[in-house]
Amino acid sequence: MYSNASGYTGNEAVPGTGCKYYHECWEGEVRAQKECGDPLLYNKDRDYCDFPSEVFCWLAESVCPPTGSPESSPSEIPTTKTPPPVTEMPPTASPFIEKPSTASPFIEKPPTYPPLQPAIPKSEAPTVGDKSNPTIIGEIGTSAILHVESKRDLIERYVMISYNPSGLPYPSKSYTYDNFIQSLKIMGVDGFGADFKFELWEGIRDKYHYGLVNLAAFLANSMVESIEADTCDELNWQQVSGRHAISNSCGQESRSYQDETCGVNDDIFSCEVVPGMDIMAVSASSTASPPMKCEPGSGQTYHSGYWDASSGTLVTGAPYSNDLGRTDTEGCCFWGRGALLTRGVCNIGKVNYFLGKRGADLGRSTLYPTVDFCQYPEATCAGIYTDELRWTIAFFEWAERVQRYTKRNEWNYEQKLREFIDSGMDDDLFINSVSRIFSRKCHAPECSEFEVLQLDKRRSNFYLIINDIFDIKTLLDSVAPTRQPITPRPTRSPVRIATKYPTPWPTPTVSIISTPAGLPSPETVAMQSTPDPTVDWHMISTHDGSPDPQIIVPIIPNPTENQFKPIPAETFVATVGPSPVAPTLTGGDDPSNKPTGNILIGLEGNGTVLSSLISLLVLLSSITYAAYFVLSQL
């Protein structure tokens, strides 16, 4: 049995249970008791739950005798949970699970009893976010944590839900609310010794709703990745014609997890790949395919084989490869684990640096200074901290890789989060892009040859959480009055709006001058007897007690210049009285210059322009009459 730096030493059947139950052992001590799902039994030779026909239930010398109750009061943290009685243990299958007639030998059910927690010296306990120090949270109306806690019932009923092979829901055993909220307080409020954390904006009244939407996006993806399948380990799901390559442990969807380094010159994060590692996942599919594993052995004569789902058999020794051509599993120990199935030597290496032993060895204050995630990646799912670690490393990956995602002048996570909320939270682009960033490491549509798996389900989960569970819109209504007021944009200088009939320029007056000889008689009606119907006729008239002399000025609209212009002089019609007048134009505010009668000016369009044109025409007429008079006297 493989033993590693973290102390994992294997499993053994529990005496007196007919191999129905088995112990998980660490450093020669029982750390957890687990049950094989009906009708399976624990197979010591293969180290997994198998069909009864394949199991010879013999009990060899125990490799990890159960830890009994202490004879005296311990000085350190006591072990308060002891193994339950092992006689006449009833099965504890979920009431929702329909037992298939043909079960997979790799079904693993959650433990019937809580895992046994040994006494841990204080020196090995978490050093950051210590649970003995209470988490400082805001008050109602400013606290994301309090808001989440007020929604516990809805979260347990709609988020922490798994499905059996028949599609029936049941409460998740691997992911529970208590472990979720405990890890959220550490990773989102206390922090983990880095300059970033899972962003909640805790205690900030006008921002904490941003943290709730961030959390909703995280949970929406976690539901698809792990919660719905109730698994801590990545499942071997990729297949061709019902055959699942065992070498899928090395990577699925054309990925090679052991080659996914952090890509920097001085790579202090990525885990070293050790060919001799021999690890098997503790979680497996309940319908097909064995658990992920890695073991030494490679070359032309070594082949890990495949799982035939149609016959339910494991075919070993066959040269059957994954879609990158791997037929072995040597060094392939970095499959996904935890709520977001954190995978790859870079991502797991960063977990080890920021949360685990690698960081502690370099002098950092880390949460799990004795856990080497690189030497034993399965510590996330099978270690003594597994219940919280499943959430903790997921919160870490989201904070480190999704929240800090930025494409210069193109995409910034926090900016897009704010825009989504401020625009009404009805744009799919945000959750679509965020899901791509998490799954494909890029935000734009078609940025990867592989589209995000079950993107529509991630999106529907997201809206379920923000609308029906967190009820963000109602929350925004209560936050809105206290938001910082928006400064209006400066307005332009006041602009005078012209009216249809603007005030004309100073009104011209007409003076009467005796008519030179030779002018037409009053009865003369000149040149055009019928006005052009397309012409607007405007009249200036004066009243001084004598017959009304009139000057009628036609104006033709110019459609291209949107203004008026006089028609040619030959179309004028002029009528003069008994004493023909030659009008002279004066103006100003002097009352002596103002006419005694009314001056009527019909205006259409730009009145100021028309007034100017009419005044000019009157002036030209006066000059013409004066010149004619002078010439006639010579």
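Residues numbered from 1 in each chain as written. Predicted model: local features only at pLDDT ≥ 70, side-chain atom pairs only at ≥ 80, totals over all residues. Heavy atoms only, no water.

Peer 1: Account for the nonpolar core, naming residues and giving values.
Peer 2: With 93 residues, the main nonpolar core has Phe 180 and Phe 462 as its most contacted residues. Those residues in contact with Phe 462 that lie beyond four places of it in its chain are Val 213, Ala 216, Ala 217, Ala 220, Phe 420, Phe 430 and Ile 431. Listed in part, the nine residues of the second largest apolar core include Cys 19, Leu 41, Tyr 42 and Cys 49. (Core = buried A, V, L, I, M, F, W, Y, C linked by side-chain atoms within 4.5 Å. Buried < 20%, exposed > 50% of the residue type's maximum accessible area, 1.4 Å probe, protein only. Contact = heavy atoms within 4.5 Å.)

Peer 1: Quick one: what's the story with the state of the cysteines, residue by residue and with numbers?
Peer 2: The tally for this structure, following the rule as stated, stands at six disulfides. The residue that forms a disulfide with Cys 262 is Cys 346, at a sulfur-sulfur distance of 2.1 Å. Judged by the torsion about the S-S bond (105°), the Cys 262/Cys 346 disulfide is right-handed. Taken together, the residues span a long stretch of sequence, with Cys 262 in the loop between β8 (243-245) and β9 (279-280) and Cys 346 in helix α5 (residues 345-354) at a distance of 84 residues. (Disulfide = S-S within 2.5 Å. Helix = DSSP H or I, 4+ residues; strand = E, 2+ residues; numbered from the N terminus.)

Peer 1: Break down the sheet that holds strand β11 (residues 306-308) for me, with residues and values.
Peer 2: Read across the open sheet, the three strands follow the order β8-β11-β12; overall the sheet is antiparallel. Since the sheet does not close on itself, it has two edges, and those belong to β8 and β12 (313-315), each with one partner. For this sheet, the mean angle separating the axes of adjacent strands, direction not counted, is 25°. Bridging between β8 and β11 involves three bridges; their strand directions are antiparallel. By the bridge assignment for β11, Arg 243 is matched with Asp 308. (Pairing = 2+ DSSP bridges. Axes fitted to C-alpha atoms, helices over the stretch in contact; angles between N-to-C directions.)

Peer 1: Can you tell me about the pattern of salt bridges, naming the residues and giving the values?
Peer 2: Considering all chains together, one arrives at 21 salt bridges under this definition. With a shortest N-O distance of 3.0 Å, Lys 357 and Asp 361 are connected by a salt bridge. Of the two residues, Lys 357 and Asp 361 both sit in helix α6 (residues 357-361), four residues apart, roughly one turn of that helix. The class of Lys 357 is partly exposed, set by a relative accessible area of 29%. Two residues, Arg 404 and Glu 400, come together in a salt bridge whose shortest N-O distance is 3.5 Å. Residue Arg 404 is classed as partly exposed on the basis of its relative accessible area of 42%. Beyond isolated ion pairs, a larger network of salt bridges with shared partners links Glu 225, Glu 234, Arg 343 and Arg 458. (Salt bridge = Lys/Arg side-chain N within 4 Å of Asp/Glu carboxyl O.)

Peer 1: For the side chain of Arg 458, give the residues involved together with the corresponding values.
Peer 2: Note on placement: Arg 458 falls in helix α11 (residues 455-469). Arg 458 gets classed as buried once you look at its relative accessible area, which sits at 2%. A distance of 2.8 Å separates the side chain of Arg 458 from the side chain of Asn 221, its partner in a polar contact. Setting aside chain neighbours within four positions, we find Arg 458 in contact with Ala 220, Asn 221, Val 224, Glu 225, Ile 431, Ser 435, Phe 438, Ser 439, Val 452 and Leu 453. (Polar contact = N/O pair within 3.5 Å; in protein donor to acceptor, adjacent residues only side chain to side chain.)

Peer 1: Any chance you could break down the confidence of the model for the protein for me, citing the residues and the numbers?
Peer 2: Per-residue pLDDT for the protein averages 73, and the proportion of residues at 70 or more is 62%. Scored below 50 in pLDDT, residues 59-63 makes seven contacts in the model with residues more than four places away or belonging to other chains. (pLDDT = per-residue confidence, 0-100.)

Peer 1: Which residues make up the side chain of Glu 378, and what are the values?
Peer 2: Within the secondary structure, Glu 378 sits in the loop between α6 and α7 (379-382). For Glu 378, the side chain forms a polar contact with the side chain of Arg 337, separated by 2.6 Å. Setting aside anything within four residues of it in sequence, one finds Glu 378 in contact with Asp 233, Ile 279, Met 280, Ala 281, Val 282, Trp 335, Arg 337 and Gly 383.

Peer 1: Explain a nonpolar patch on the surface residue by residue, including any values.
Peer 2: A grouping of Leu 616, Leu 619, Leu 620 and Ile 623 is seen on the molecular surface, where their side chains present a nonpolar patch of about 350 Å² in accessible area. Inspection of the secondary structure puts Ile 623 in helix α13 (residues 607-633). (Patch = residues over 30% accessible without salt bridge, like charges linked within 9 Å, V, L, I, M, F, W, Y side chains within 5 Å. Areas by Shrake-Rupley, 256 points an atom, 1.4 Å probe, with all protein chains shown as cover.)

Peer 1: Account for the packing of helix α4 (residues 208-227) against helix α8 (residues 386-402), with residues named and values stated.
Peer 2: Interhelical geometry of α4 versus α8 gives an angle of 125° and a closest axis separation of 11 Å. With respect to α8, the axis of α4 lies oblique. Like other packed secondary-structure pairs, α4 and α8 cross with a definite hand, here right-handed. Judged by residue contacts, Asn 214, Leu 215, Ala 217, Phe 218, Leu 219, Asn 221 and Ile 227 of α4 engage Trp 391, Ala 394, Phe 395 and Trp 398 from α8. (Parallel < 35°, antiparallel > 145°, perpendicular 65-115°, else oblique. Left-handed = near helix turned anticlockwise from the far one by under 90°.)

Peer 1: Explain the packing of aromatic side chains to me, using residue names and the numbers behind them.
Peer 2: Under the definition given, this model contains 30 aromatic pairs. Plain terms: the ring middles of Phe 198 and Phe 218 are 5.5 Å apart, the flat faces sit at 75° to each other, and that makes the pair edge-to-face. Here Phe 198, found in the loop between α3 (177-190) and α4, pairs with Phe 218, found in helix α4; they are 20 residues apart in sequence, far enough to count as distant. Both residues of the pair, Phe 198 and Phe 218, belong to the buried class. Note that Lys 350 overlies the ring of Phe 269, its terminal NZ or CZ placed 5.8 Å from the centroid. (Phe/Tyr/Trp six-rings, centres within 6.5 Å; stacked < 30°, edge-to-face > 60°. Lys NZ or Arg CZ within 6 Å of the ring centre and 35° of its normal.)

Peer 1: Give a description of α3 that names residues and reports values.
Peer 2: For α3, which comprises 14 residues, the first-to-last C-alpha distance of 19 Å matches the rise-based estimate of 20 Å (1.5 Å per residue) to within 8%. With ten of its 14 residues buried, α3 lies for the most part within the structure. Looking at α3, one finds that the buried residues are Tyr 177, Asn 179, Phe 180, Ile 181, Ser 183, Leu 184, Ile 186, Met 187, Gly 188 and Val 189. Where the residues of α3 are buried, they touch α1 (144-150), α2 (152-158), α4 and α8. Phi turns positive, to about 85°, at Gly 191, one or two residues after α3. (Expected span 1.5 Å × (residues − 1).)

Peer 1: An account of the packing of α5 against α8 is needed here, citing residue identities and associated values.
Peer 2: When two helices pack together, their arrangement is given by the angle between their axes and by how far apart the axes lie. At a minimum axis separation of 11 Å, α5 and α8 run at an interaxial angle of 105°. Judged by the inter-axis angle, α5 sits roughly perpendicular to α8. Mapping the contact onto sequence places Asn 347, Lys 350, Val 351 and Phe 354 in α5 and Ile 393, Phe 396, Glu 397, Glu 400 and Arg 401 in α8.

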